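# Working through the structure, step by step
One-letter residues, chain by chain:
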Amino acid sequence: RMARASRADCAGGRGMPRNEDADGWESLCRGGCSRRHTRNSRPTSSRNRWLTSLLFVLCLASSLPTPTHAQDCVPQSSSAIFMVYQAENPDAVFFSEDGCLAGGGRGNGCCRGSKCAVCEPNTKRSSGGKEMSWNSCLCEPCAPGSAQFRNGMTKCEPCPVGWYTRLAGQTQCDPCPPGTFNGDFGRSTLCDMCPPGTFSLSDVRAYREATTKTYRGVGTVFDPTAGASRCAPCPAGTYQPDSGGRSQEECRECPPGQFSAGGSAACDSCPGGTYQPFARQTSVHACLPCAAGTCSDTEGSEECYQCCPVANLRCDAYLKKAKGFYGLVAWYSNDGEVGRVPTDRREEFLERLCDRGCREYGVVNWCVSGVCK
């Protein structure tokens, strides 16, 4: 594909080739547009003069530049052609160190999604002996991991962090889907999954950077869960057991008897001898020690149970019983369960319990009568 010749080029006798065979265009400009040719021709009738004038007007009309539209560019993998600057006619094409720079009468350049990376000079001699020169470049599709949303560019821009594209020739990059992230520029593969204990989180400032400046993500709206360059940790007191967390709302709260620090994939249990009746606790310091006379044999207890004969008073290990033993009338009788006090020794046991409470602890609430003997 070739850029359209300007009126100055045609008037000056310099044709731009439309393809590898430049003779046809050159002869059209030399034969149809040259005023000297028109003057030197000798029409023999008014009909010939009218046809000659019509040919001249049509040639000028065809050489006028057309308005640039979105599609008025060179497609990917095609060669873009640009006019060559000539010192004897400096108004025709502006001088530039880059002979394939779009604008200034040179042409519209490569379409979006591609780049004009290598500008090559070309020379061809027509059958009439005239040497014509032009520059050309191959419109290379942007490589995966990069994009270009403008026409006539010499390079593609790498995808910003939080964005990616797996395909070549793209005009824009895609934001990482919710639950994923990308911390590198120029990502050409799928974004990484957020690990357990985290969720994807982007910020509006990074989104504006990616969509309004160099990269121009078209047709997108800000989504705090998409386009993430990092994964945020779940708050303390919550956890996320799965990969690909998409928002903080997916972080689950730790149940009573457990706790967690920030970014946890699971909650930790309160150790034995402690309990915690509330959910969403943030550290082991939230685990409360069991009161005297109560126990919690297992980790992660929501409450302690009475394990000594009298609540709120400690007792020896041989007196500690399993949950549900004390506090019931049944513990005074012998129903065949190991460890229960036989019915015939009930009075003896109560006397020993009262005596030990008075003697060792100085309390009377172990005595049924409420008085130390």
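In this report, we go over the structure that sits alongside the text. (Residues numbered from 1 in each chain as written. Predicted model: local features only at pLDDT ≥ 70, side-chain atom pairs only at ≥ 80, totals over all residues. Heavy atoms only, no water.)

### Notes on the pattern of salt bridges
- Considering all chains together, one arrives at 9 salt bridges under this definition.
- Taking the shortest distance from any N to any O, the salt bridge between Arg187 and Asp192 comes out at 3.0 Å.
- Residue classification places Arg187 among the buried residues on the basis of a relative accessible area of 11%.
- Owing to a relative accessible area of 35%, Asp192 belongs among the partly exposed residues under this scheme.
- Among the charged side chains, a salt-bridge network with shared partners connects Asp316, Asp355, Arg356, Arg359 and Glu360. (Salt bridge = Lys/Arg side-chain N within 4 Å of Asp/Glu carboxyl O. Buried < 20%, exposed > 50% of the residue type's maximum accessible area, 1.4 Å probe, protein only.)

### Structural notes on the side chain of Thr225
- Tracing the backbone through its elements, the reader meets Thr225 in the loop between α5 (204-212) and β12 (231-233).
- Thr225 sits in the buried class, given a relative accessible area of 18%.
- A distance of 2.8 Å separates polar atoms of two side chains, one belonging to Thr225 and the other to Asp223. (Helix = DSSP H or I, 4+ residues; strand = E, 2+ residues; numbered from the N terminus. Polar contact = N/O pair within 3.5 Å; in protein donor to acceptor, adjacent residues only side chain to side chain.)

### Some points on the nonpolar core
- One finds Cys307, Leu313, Leu319, Phe349 and Trp366 to be the most contacted residues of the largest nonpolar core, which totals 15 residues.
- Leaving out residues up to four positions away in the same chain, Leu313 has contacts with Ala292, Gly293, Cys308, Val363, Asn365 and Trp366. (Core = buried A, V, L, I, M, F, W, Y, C linked by side-chain atoms within 4.5 Å. Contact = heavy atoms within 4.5 Å.)

### Brief notes about the environment of Arg208
- Following the sequence through the fold, Arg208 ends up in helix α5.
- Here the alpha-carbon distance between Arg208 and Phe222, two residues 14 residues apart in the chain, equals 8.5 Å.

### Focus on the pairing of strand β3 (residues 120-125)
- In terms of residue burial, β3 counts as a barely covered element, since only 0 of its 6 residues are buried.
- Of the strand pairs in this sheet, β3 and strand β4 (residues 131-141) are connected by 6 bridges, and their pairing is antiparallel. Along β4, the bridge assignment pairs Thr123 with Ser133.
- Counted along the chain from β3 to the antiparallel partner β4, the turn is 5 residues long, and its residue Gly129 has a positive phi close to 95°. (Pairing = 2+ DSSP bridges.)

### Here we look at the pairing of β4
- Inspection of the sheet shows strand β1 (residues 79-83) paired to β4 by 5 bridges, in the antiparallel sense. Its bridge partner being in β4, Ile81 is matched across the sheet by Ser136.
- With 3 bridges joining them, strand β2 (residues 114-116) and β4 adopt antiparallel strand pairing. Bridge pairing in β4 places Ser114 opposite Pro141.

### Regarding the state of the cysteines
- Per the stated rule, a full pass over the model turns up 15 disulfides.
- The disulfide bridge from Cys110 ends at Cys139, spanning 2.1 Å between sulfur atoms. Between Cys110 and Cys139, the S-S torsion sits near -85°, and that sign places the bridge as left-handed. Residue Cys110 is located in the loop between β1 and β2, and its partner Cys139 is located in strand β4; the two are separated by 29 residues in the primary sequence. Cys139 shares its class with Cys110; the two are buried.
- Linked covalently through their sulfurs, Cys270 and Cys287 form a disulfide whose S-S length is 2.0 Å. Where Cys270 bonds to Cys287 through sulfur, the torsion about that S-S bond is close to -80°, and the disulfide is left-handed. Residue Cys270 is located in the loop between β16 (268-269) and β17 (274-275), and its partner Cys287 is located in the loop between β17 and β18 (288-289); the two are separated by 17 residues in the primary sequence. For the pair shown, Cys270 and Cys287 are each scored as buried. (Disulfide = S-S within 2.5 Å.)

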